[in-house]
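# Observations on the model geometry
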Amino acid sequence: MYLHYDVWMAHLWIFYALVSAFALATSDALTKKALRNINEYLVAWFRLVFTMPLLFLLFFLVPVPELDSTFFAAFLLALPLEVVALILYIKALRCSPLSLTLPFLSFTPLLLILVSYLILGEEVTLRGGIGIFLLAMGSYTLNITGIRKGFLEPLKAIARERGSILMLAVSVLYSFTSPLGKMAIEHSSPLFFGIAYFTALTLVFTPIALWSAKSEVKNFFTTGAYKQLAVPGFFSSCMIISHMIAISLVQVAYMISVKRSSILIGVVYGYLFFREKHLKERLLGAFLMVAGFVLIVTAL
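Residues numbered from 1 in each chain as written. Predicted model: local features only at pLDDT ≥ 70, side-chain atom pairs only at ≥ 80, totals over all residues. Heavy atoms only, no water.

### Brief notes about the overall build of the protein
When helices and strands are counted, the protein shows 16 helices and 0 strands. With 300 residues in all, the protein has 53% of them scored as buried. For the protein, contacts bridging at least 24 residues in sequence account for 88% of all contacts bridging at least 6. (Helix = DSSP H or I, 4+ residues; strand = E, 2+ residues; numbered from the N terminus. Buried < 20%, exposed > 50% of the residue type's maximum accessible area, 1.4 Å probe, protein only. Contact = heavy atoms within 4.5 Å.)

### Section: the confidence of the model for the protein
Per-residue confidence for the protein averages 84 on the pLDDT scale, and 86% of its residues sit at or above 70. Mean pLDDT in the protein bottoms out at helix α1 (residues 2–10), which sits at 50, and peaks at helix α13 (residues 230–247), which reaches 94. (pLDDT = per-residue confidence, 0-100.)

### Some points on the pattern of salt bridges
This model, assessed by the stated rule, comprises 2 salt bridges. Note that Arg-47 is salt-bridged to Asp-28, the shortest N-O span being 3.1 Å. One end of the pair, Arg-47, is in helix α3 (residues 40–49); the other, Asp-28, is in helix α2 (residues 12–34), and 19 residues separate them in sequence. The exposure class of Arg-47 is buried, given its relative accessible area of 9%. (Salt bridge = Lys/Arg side-chain N within 4 Å of Asp/Glu carboxyl O.)

### Let's talk about helix α11 (residues 190–212)
Its 23 residues place the ends of α11 32 Å apart at the C-alpha level, agreeing with the 33 Å of an ideal helix rising 1.5 Å per residue. The largest bend in α11 amounts to roughly 35° and is located at Phe-205, with the proline Pro-207 lying one to four residues further along. Here α11 has its buried residues at Phe-192, Phe-193, Gly-194, Ile-195, Tyr-197, Phe-198, Thr-199, Ala-200, Leu-201, Thr-202, Phe-205 and Ala-209. For α11, the secondary structure elements touched by its buried residues are α3, α4 (52–59), α5 (69–95), α10 (162–186) and α13. (Expected span 1.5 Å × (residues − 1). Bend = angle between axes of the 7 residues up to and from the residue.)

### With respect to a nonpolar patch on the surface
A cluster of nonpolar side chains, contributed by Phe-56, Phe-59, Phe-60 and Val-64, occupies part of the molecular surface with about 450 Å² of accessible area. In this fold, Phe-59 is placed in helix α4. (Patch = residues over 30% accessible without salt bridge, like charges linked within 9 Å, V, L, I, M, F, W, Y side chains within 5 Å. Areas by Shrake-Rupley, 256 points an atom, 1.4 Å probe, with all protein chains shown as cover.)

### Side note on the nonpolar core
Judged by nonpolar contacts, the single largest core of 79 residues is most densely connected at Trp-13, Phe-198 and Phe-205. Setting aside residues up to four positions removed in sequence, Phe-198 forms contacts with Leu-48, Met-52, Leu-55, Ile-240 and Met-244. (Core = buried A, V, L, I, M, F, W, Y, C linked by side-chain atoms within 4.5 Å.)

### Some words on the packing of aromatic side chains
Centre-to-centre distance and the angle between the planes together describe a pair of aromatic rings. Considering all chains together, one arrives at 18 aromatic pairs under this definition. When the centroid spacing of 5.0 Å and the interplanar angle of 80° are considered together, the rings of Trp-45 and Phe-46 count as edge-to-face. As far as the burial class goes, Trp-45 and Phe-46 line up, both buried. Feature note: the residues Phe-71, Phe-72, Phe-75, Phe-192, Phe-193, Tyr-197 and Phe-198 constitute an aromatic cluster, connected by ring pairs. (Phe/Tyr/Trp six-rings, centres within 6.5 Å; stacked < 30°, edge-to-face > 60°.)

### Describing the environment of Gly-266
Here Gly-266 lies in helix α15 (residues 262–274). Looking at Gly-266, the relative accessible area reads 1%, which means it is buried. On a C-alpha basis, the gap between Gly-266 and Ser-27 in space is 9.9 Å, while along the polypeptide they are 239 residues apart.

### Overview of the packing of α2 against α13
It is the contact of α2 with α13, at a shortest axis distance of 8 Å, that shows an interaxial angle of 155°. By the criterion of interaxial angle, the relationship of α2 to α13 is roughly antiparallel. Of the two elements, α2 crosses α13, and the hand of that crossing is left-handed. Taken together, the residues of α13 that come into contact with α2 (itself represented by Trp-13, Tyr-16, Ala-17, Val-19, Ser-20, Phe-22, Ala-23, Leu-24, Thr-26, Ser-27, Leu-30 and Thr-31) are Val-231, Pro-232, Phe-235, Ser-236, Cys-238, Met-239, Ser-242, His-243, Ile-245 and Ala-246. Broken down by class, the residue content of the contact of α2 with α13 amounts to 15 nonpolar, 7 polar and no charged. (Axes fitted to C-alpha atoms, helices over the stretch in contact; angles between N-to-C directions. Parallel < 35°, antiparallel > 145°, perpendicular 65-115°, else oblique. Left-handed = near helix turned anticlockwise from the far one by under 90°. Nonpolar A, V, L, I, M, F, W, Y, C, P; charged D, E, K, R; others polar.)

Next comes the structure, spelled out in structure tokens:
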């Protein structure tokens, strides 16, 4: 009995990572729907704003930990990178199909093998490393429709797809914000950091969004367009909470890899909600990602 309980607790991070993946994919799909008629800066801003009610509610239930210089250093290093990543992320969602943008986030775990080792000293096993590699290969073969023109044709297709380029940049930025976030969590607590970090992100991003979309702000409020972001914001807050808990329980590279199963959900959402084509070809890459997921989960 105790053995089963220990096994369950050791793998509890998988549950939180999958909840985070589902919440992220759902928020992204609903956000892309809203992006059809609304300035992307306003969409990104109000999705953040609508994460605040649930996070503020939790704030009164979470004790404030003792904070040290390491916490503040990690916090202040990650925040500007997060702002840039947010801007690029929302632009990528707007200009390209979900199934051609979200998959490139799978490169983050690959980069994290090195970055999380340098920042946190975390290592991955051989099996886990292979699983992470399969996730990256899966994202490559999502462009398999051009493979008849040569093995490098999918890579060339990535270069032509603006949303993919933007999301690749986001992937690099996240490979630094994730271990920095875990460092801050280790010197505070998962929920406290999540609440403080995204509150600060919202405050910093507010003037950027209002200035960038100043000609559309009045219409955004008078038409009630902002209401479309309430549900994406709620799912985003669920993602934040589950992400912070999961990443505190396991190596960053593993957690982010499992969270990238949101890619699979995103491909399905792209087909169901936006009638994006070539689903069968892209599912080949999705199956590689599933294989990588299985290897990562069994690596611990």
